[in-house]
Amino acid sequence: HPLLLDHEKMREVVRVERFSDQGEGFLALFPNGIDHSWNAGECCGTAKDERVDDVAFIQELLAEVSRTHCVDSARIYAMGFSNGAFLSHRLACDLGDTIRAIAPVAGTLGIPEADCKRETPLPVFAIHGTDDQLVPYEGGPPKALHGIFESFGTFQAPTATDAFWAQHNHCFTSTVPDFTRGEVSCRRHECAAPVTLCTVEGGGHQWPGGDSLLLRATMGHSTDDIDATEAAVNFFRQQGL
C-alpha cells in the first residue's frame, strides 16, 4: 500500500480478487505497514524515520502464511503502489530468490544500487506517469505537498531504475515495444528475465485502471488505457504464476 493509506484502500484500488477468486490459484496478501508506511530506504514516513525492519516483517509474514496455507515458495511475487512500490524493489534486493518478480507502480529503487544484494536476475514490470508530482519521472524530491513530504530526500528516476535492473539482468540489447494504447507506452528489455517500463504520458501519482486517489489536484491524472492490476497478473503469469 502507499504512504498514508492501508491494506483496505489498496484492495479497493487494485481489486486483485478479480483474478485470485476466479480459479487463478494464487493467494493475494495485503499487509499493513507501521503508521501507514514502509521503510523502503529513501521512502517513506514513520517506518523510514524509525528504521523499521519491514524486510524482516515481510519475511516473517510469508513464513506464517506458509504454515497455514499451501504456498509454493518458488512462486512469490510482489506488487506495490508508491511507498509499496519502493518496498517491492527493496524486497527483491534483500530477500533474493524469495521474490520471483515484481510489478511496482509509481515507485523506484529506494536504496543505493550498490546495496542491492540480489544475485539472480529479476523480472520487472513497472508503470510510472510523466506528471507524477510525488515521485517525479525525472527523479528528485517530491514537487507537491512539501509540508508532508519535505523530508523524503531524492528519488531515483524510473528510467534509472529500469536501467539498473536491465543491467543487473544482463539485458544488453535495446528495448522493444511491448504495449501501446492511448497515453500508455511500454518498452521491454528482452532477456531471460525481462524488464519493462510502461510510461503514462501526462499520468500522475495513480494506479492506472484503479479508483482515483483523493487529492486529485496533487495526485494528478489517472488513465484507463492500461489496467495495472491485470497487466501485473499477466506478467506474473508469464513468470510462472
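Residues numbered from 1 in each chain as written. Predicted model: local features only at pLDDT ≥ 70, side-chain atom pairs only at ≥ 80, totals over all residues. Heavy atoms only, no water.

Caption draft 1: Just the state of the cysteines, in detail. Applying the stated rule across the entire model yields four disulfides. Across the disulfide from Cys93 sits Cys116; the S-S distance is 2.1 Å. A torsion of -95 degrees about the S-S bond marks the disulfide between Cys93 and Cys116 as left-handed. A residue pair is termed long-range when its members are at least 10 positions apart, and Cys93 in helix H5 (residues 83–94) and Cys116 in the loop between strand S2 (101–105) and strand S3 (124–129) qualify at 23 residues. Among the residues examined, Cys93 registers a relative accessible area of 0% and is labelled buried. (Disulfide = S-S within 2.5 Å. Helix = DSSP H or I, 4+ residues; strand = E, 2+ residues; numbered from the N terminus. Buried < 20%, exposed > 50% of the residue type's maximum accessible area, 1.4 Å probe, protein only.)

Caption draft 2: Molecular detail of the pattern of salt bridges. If you walk through the whole model with that rule in mind, you get nine salt bridges. Linking Asp94 and Arg90 is a salt bridge whose minimum nitrogen-to-oxygen distance equals 3.2 Å. Separated by four residues within a single helix, Asp94 and Arg90 lie in helix H5, roughly one turn from each other. On the accessibility criterion, Asp94 (23% relative accessible area) is partly exposed. Salt-bridge contacts for Glu190 lead to Arg188; the nearest nitrogen and oxygen are separated by 2.8 Å. Glu190 gets classed as partly exposed once you look at its relative accessible area, which sits at 44%. Several salt bridges converge on common partners, so that one network encompasses Asp178, Arg188 and Glu190. (Salt bridge = Lys/Arg side-chain N within 4 Å of Asp/Glu carboxyl O.)

Caption draft 3: Spatial organisation of the nonpolar core. Ranked by size, the top nonpolar core spans 32 residues in total, and within it Ile58, Leu91, Ile99, Ile102, Val124 and Trp165 carry the most contacts. The set of elements that each furnish at least two residues to this core consists of helix H4 (54–68), H5, S3, helix H7 (158–168) and strand S6 (195–200). Considering every element that reaches this core, the biggest residue donor is H5, with five residues. The next biggest cluster of nonpolar side chains, apart from the first, holds 27 residues, and it includes Val14, Tyr77, Val184 and Trp207. (Core = buried A, V, L, I, M, F, W, Y, C linked by side-chain atoms within 4.5 Å.)

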